[in-house]
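Tertiary structure, described
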Amino acid sequence: MSTNASLSPDERKQVSDSAVRWHNAGCLILPATPDGSKRPLGNWGDIRDGKRPAPSLDATLDAIRAGRSDGIAVICGECSGHLEMLEADTTDIELVAEAYSHIERAGLADIWDAIRAGVEERSPKGGLHWYYRTPGPALG
């Protein structure tokens, strides 16, 4: 596979540093495909399900440094300590505020506050991701 020069050395270091932080937080991370799709490299379902071992942190960092990956994929579920992710595929902050008002009226503000206490990030397309852990497997 050819080297992807889309990231500068400083950007590659930022991605590598982020990979280390997610790994140290007990999350399963895999190198992402270098096409911007956010998909993990290779067949990740077997890794998530424990049918084959995950690549080491060093192997993931090597893929980033070598340009075989331009990001990381954080795998949710039991393999990451019951990590879940809620996604808002919109850049319209007013729409997110409107959703919150519905949540509040439904008496679920405490749940929303618990979700927001996790990690919040911008998605590659400008939406929002909220990562949080549950006390056990997801119910849905």
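Up top is the structure these notes are about.
Let's talk about the sheet that holds strand 4 (residues 119-122)
Taking strand neighbours across the sheet as the criterion, the three strands line up as 3-5-4 in an open arrangement whose pairing is antiparallel. Among the strands making up the open sheet, the edge pair consists of strand 3 (83-88) and strand 4. Adjacent strand axes in the sheet meet at a mean angle of 20° when their direction is disregarded. For strand 4 and strand 5 (residues 128-133), the ladder comprises four bridges, and the chain directions are antiparallel. Its bridge partner lying in strand 5, Val-119 is registered against Tyr-131.

Overview of the nonpolar core
Residues Val-15, Ala-19, Trp-22, Cys-27, Ile-29, Leu-57, Leu-61, Ile-64, Val-74, Leu-83 and Tyr-131 constitute the largest nonpolar core, which totals eleven residues. Of all elements in the fold, only helix 1 (9-24) and helix 3 (57-65) reach the threshold of two or more residues within this core. Once residues lying within four places of it in the same chain are set aside, the contact partners of Leu-83 are Trp-22, Cys-27, Val-74, Ile-75, Cys-76, Gly-77, Tyr-131, Tyr-132 and Arg-133.

Observations concerning the pairing of strand 5
Most of strand 5 sits inside the fold, with five of its six residues counted as buried. Pairing geometry for strand 3 and strand 5, over six bridges, is antiparallel. In the sheet register, Met-85 faces strand 5, and the bridge partner there is Tyr-131.

Quick word on the pairing of strand 1 (residues 28-31)
Each regular strand carries side chains that alternate between the two faces of the sheet. Of the two faces of strand 1, the one carrying Leu-28 and Leu-30 and the one carrying Ile-29 and Pro-31 are both buried. Across four bridges, strand 1 lies against strand 2 (residues 72-75) in antiparallel orientation. For Leu-28, the partnering residue across the bridge sits in strand 2 and is Ile-75.

Rules used throughout
Residues numbered from 1 in each chain as written. Predicted model: local features only at pLDDT ≥ 70, side-chain atom pairs only at ≥ 80, totals over all residues. Heavy atoms only, no water. Pairing = 2+ DSSP bridges. Helix = DSSP H or I, 4+ residues; strand = E, 2+ residues; numbered from the N terminus. Axes fitted to C-alpha atoms, helices over the stretch in contact; angles between N-to-C directions. Core = buried A, V, L, I, M, F, W, Y, C linked by side-chain atoms within 4.5 Å. Buried < 20%, exposed > 50% of the residue type's maximum accessible area, 1.4 Å probe, protein only. Contact = heavy atoms within 4.5 Å.

The values reported here are purely geometric and, on their own, carry no functional implication.
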